[in-house]
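Topology and contacts: notes
So the chains spell out like this:
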Amino acid sequence: NSNRTEAYFQDTYCFTSTDTHTFFALNYGIRMSHWNFNKETIVSPRLSLSITPAFNQNVTMRLATGIYYQAPFFKELRDTSTVNGVTYARLNKKAKSQRSIHFIAGFDYRFYFNQRPFKFTAETYYKALSNLVPYSVNNVKVVYYGDNIGSGHAMGLDLKLYGEFVPETDSWISLSVMNTRMKLNGK
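My aim in this report is to walk through the structure given alongside it, one point at a time. The shown structure was predicted, so the numbers you read here are calculated from the model rather than taken from an experiment.

In this section: the sheet that holds strand β4 (residues 59-70). An order of β1-β2-β3-β4-β7-β8-β11-β12 is seen for the 8 strands of this open sheet, with the pairing classed as antiparallel. Only two strands of the sheet have a single neighbouring strand rather than two, namely β1 (4-16) and β12 (169-184). With direction set aside, neighbouring strand axes in the sheet form an average angle of 10°. The pairing of β4 with strand β7 (residues 98-113) spans 12 bridges and is antiparallel. Looking at the pairing, Y69 lines up with R99 of β7.

Along the chain, D158 turns up in strand β11 (residues 150-166). Of the buried charged residues, D158 lacks a salt bridge, with K160 as the closest side chain of opposite charge at 5.1 Å. Within the structure, the side chain of D158 is placed 2.7 Å from the side chain of S176, a separation counted as a polar contact. Not counting the four nearest positions on each side in its chain, D158 is found in contact with T121, A122, E123, Y125, L175 and S176.

Turning next to the pattern of salt bridges. Tallying each qualifying case throughout the model produces 2 salt bridges. The salt bridge partner of D108 is R62, with a shortest N-O separation of 2.9 Å. Here D108, found in strand β7, pairs with R62, found in strand β4; they are 46 residues apart in sequence, far enough to count as distant. Taking the relative accessible area as the measure of exposure, D108 reaches 8% and is therefore buried.

About the cut-offs
- Residues numbered from 1 in each chain as written.
- Predicted model: local features only at pLDDT ≥ 70, side-chain atom pairs only at ≥ 80, totals over all residues.
- Heavy atoms only, no water.
- Pairing = 2+ DSSP bridges.
- Helix = DSSP H or I, 4+ residues; strand = E, 2+ residues; numbered from the N terminus.
- Axes fitted to C-alpha atoms, helices over the stretch in contact; angles between N-to-C directions.
- Buried < 20%, exposed > 50% of the residue type's maximum accessible area, 1.4 Å probe, protein only.
- Lys, Arg positive; Asp, Glu negative; His and termini not counted.
- Salt bridge = Lys/Arg side-chain N within 4 Å of Asp/Glu carboxyl O.
- Polar contact = N/O pair within 3.5 Å; in protein donor to acceptor, adjacent residues only side chain to side chain.
- Contact = heavy atoms within 4.5 Å.

Structure (structure tokens):
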């Protein structure tokens, strides 16, 4: 048996610059969680700012950052070891949540083409990853290491074009490029 307690607070503060008439929306919040299984308490602050300049109401620029956690699932809690061809498993009550610190910059542009609405979105991100639980794959068998021994990063670029390519039907085209790396045992 285990219990998880969670709480969160979130608010949005909107304002317009008096001199430039630029619109700002600041979204901020915090999430807190405690899990008695591994006695872990996590605090996850988030902050995002979107800016719509007065000179072009069809453009929105976004910046966001935050700390995000993913609590371990059963397979990640299961510490496995193989001795003489026999695999042993035990639950690791010391396993902690995997953590990611996000940095995101985005750009939205709304426009009409052939009298239909479209939106182009570009977003770049960097995520510093820690407390990773690595796994190995052997054919169809996936074995999790059951311990937080990895670190790494994910970074990339997402481009999307939303719109009515066919009248009255929402569609999109997307292109994403991502690079990920993990450090395990110094390698």
